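# Examination of the molecular architecture
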Amino acid sequence: AQTADEATDLMKMTFTPIASATTLLAFIRPPVHQNPKRLCLTKQKWHPSITSCPPSPRSVCLATAADAQTQSSSSSKYDDLVQWFLAADEDCYLSSKIEIRPSTRGGLETGGYGAFASEDVSRGELLMKIPRKCCVTLDDALNDNECGAAFQGLMKTAGPGSETVILAGYLAKEYLLLQEYERRIAEGSSPDDDSEMRRLSKIKFGPYLRTLPWKRGVNAQEHVLFWDNDYVDTLLKGSLAYEDAVEIRSSVTYATKILNGIIAPVVRKARGEGDDSDDDSGFRFPWQPKPEKESSNEILDGLEDAVRGAFVICLSRSFAAPISADIEKTEERLEPMLDLLQHSNNPNIKHGNALSGKIEVTASVDIKSGDELFNQYLGEEDENMPYHKFFTRFGFVPGVVEPLADLIADRSTIFFPQRASV
């Protein structure tokens, strides 16, 4: 386990004012719901088309179809998501006029899905109600039966700035446990085989976690956190995006070391890799103390990928919303179903906070049957954020449809502005 000083050092490095622009907080500043009359989710995603990537060796396709073979199972995942969502809380609502299928923004070419109107929808018609109970919040992490106490200790030591690290750690832990459950199922186990399987079968956000972009290219998700060091150096070195990319990758790597001490024991136990020294086997005189366990700093197998994916999810999908209608304080959280909607500069939905504290999504215009539902994410001009920062934080550049690898390789002024003066 890491020391309190190490945890504090992590947060000093990671969570500093956004003015520094080179620390993790600058990348994980959650979007905020604004005026309830017109609220826009401020997460950003880039949805490139696989076919738009030229075959030349120089052009590196930023969105891959590595999961294309799993597309046939994607539909069932979203069916499971809908069923889980509707059963999560009596206040959850999803209009029967909504269906989920490959998005018109790439669709099966990128693995991206979206929400569509299966019937005509009238302006102002309610489409979704999302209560806090079915959202992934910091409370889920802090009250977790397995890691909650450790997360609380980390937060006490590091302060409020640790919230995103804790939320990402909770997501990573749940995902790794879900992977273990699915591995056992694939090997012939059943959910009722033993107490461990029964516990793993009841992972709170399981159906939602299965639809999230844990790997590069899933749901058309791209991010510098998914790249390897050589890739970052080859494409970005010398660009405005390089320093930000290196900083966020370094910060997440360090966060992984801290989270390893919290998550690894839980996951190892679930995998049957626990320390057998608790068996207390062998003879020992009464005055002889139990041998101390040797602590290991070895990173849990799969943890780096899980934490990396969790941070990408937090960066691209989480946003700030009021905890309740009568409390002004906001929190960072993930909102299932709402994050399925793709971006458009001409949205046909709007969403805001109802008096009950739920997020309500309504049609902002009349929507025809078959039309995709689009949200408008907060634009670059609203956040006063340069294109290269949008790229390193969200994995895309607003309004750019050309493969970004080509732009970078061509030393576009988006990333290399000094070329404009030549």
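Residues numbered from 1 in each chain as written. Predicted model: local features only at pLDDT ≥ 70, side-chain atom pairs only at ≥ 80, totals over all residues. Heavy atoms only, no water.

A count of helical and extended segments in the protein chain gives 14 helices and 10 strands. Across the 422 residues in the protein chain, those meeting the buried criterion constitute 51%. Of the roughly 19,900 Å² of accessible surface on the protein chain, 49% is carried by carbon and sulfur atoms. (Helix = DSSP H or I, 4+ residues; strand = E, 2+ residues; numbered from the N terminus. Buried < 20%, exposed > 50% of the residue type's maximum accessible area, 1.4 Å probe, protein only. Areas by Shrake-Rupley, 256 points an atom, 1.4 Å probe, with all protein chains shown as cover.)

Below, the discussion takes up unusual backbone geometry. Positive phi outside glycine occurs at M337, with the angle close to 80°. Of note, M337 is situated in the loop between β6 (327-333) and β7 (342-343). One non-glycine residue, R411, lies in the positive phi region at around 55°. Position of R411 relative to the elements: it lies in the segment after α14 (404-409).

Moving on: a negative patch on the surface. Together, E119, D120, D366 and D371 make up a negatively charged patch on the protein surface. Mapped onto the secondary structure, E119 falls in the loop between β3 (113-117) and β4 (126-130). (Patch = residues over 30% accessible without salt bridge, like charges linked within 9 Å, V, L, I, M, F, W, Y side chains within 5 Å. Salt bridge = Lys/Arg side-chain N within 4 Å of Asp/Glu carboxyl O. Lys, Arg positive; Asp, Glu negative; His and termini not counted. Charge placed at Lys NZ, Arg CZ, Asp CG, Glu CD.)

Residues separated by three or four positions in an α-helix point in the same direction, a consequence of the helix having 3.6 residues per turn. All of the buried residues in helix α9 (residues 229-236) are Y231, V232, L235 and L236. The arc that holds the buried residues of α9, viewed along the axis, is 100°, so those residues lie on one side. Facing away from the buried side of α9 by over 90 degrees, the exposed positions are N229, D230 and T234. The elements touched by buried residues of α9 are α10 (240-270), α13 (387-394) and α14. A positive backbone phi angle near 95° is found at G238, which sits one or two residues after α9. (Arc of directions from axis to C-beta. Contact = heavy atoms within 4.5 Å.)

With 7 of 8 residues buried, α13 is to be regarded as a mostly interior element. Turning to α13, its buried residues are H388, K389, F390, F391, T392, R393 and F394. At the C-terminal side of α13, G395 shows a positive phi close to 85°.

We now examine the packing of aromatic side chains. By the definition in use, this model includes 7 aromatic pairs. With a centroid separation of 5.9 Å and 55° between ring planes, the pair formed by W227 and F391 is classed as tilted. With a gap of 164 residues between them, W227 in the loop between α8 (206-209) and α9 and F391 in helix α13 connect regions that are remote in the sequence. Accessibility classification places W227 together with F391 in one group, the buried group. Taken together, the aromatic side chains of W227, Y231, F391 and F415 make up a single cluster linked through ring pairs. Seen from the ring of F116, R101 lies directly overhead, with NZ or CZ sitting 3.7 Å from the centre. (Phe/Tyr/Trp six-rings, centres within 6.5 Å; stacked < 30°, edge-to-face > 60°. Lys NZ or Arg CZ within 6 Å of the ring centre and 35° of its normal.)

Taken together, 4 strands build an open sheet; the order of strands is β1-β4-β9-β8 and the sheet is antiparallel. The sheet is open, and its two borders are formed by β1 (93-94) and β8 (349-353), each paired with just one other strand. (Pairing = 2+ DSSP bridges.)

Moving on to the environment of R132. Mapped onto the elements of the fold, R132 is located in the loop between β4 and α4 (138-142). Taking relative accessible area as the criterion, R132 reaches 23% and is therefore assigned partly exposed. Spatially, the C-alpha atoms of R132 and I359 are 8.2 Å apart, while their sequence positions differ by 227 residues. In this structure, R132 is in contact with T137, D139, I323, E331 and R333, ignoring residues within four places of it in sequence. A polar atom in the side chain of R132 sits 2.7 Å from the side chain of D139. (Polar contact = N/O pair within 3.5 Å; in protein donor to acceptor, adjacent residues only side chain to side chain.)

These values are about where atoms sit, not about what they do.
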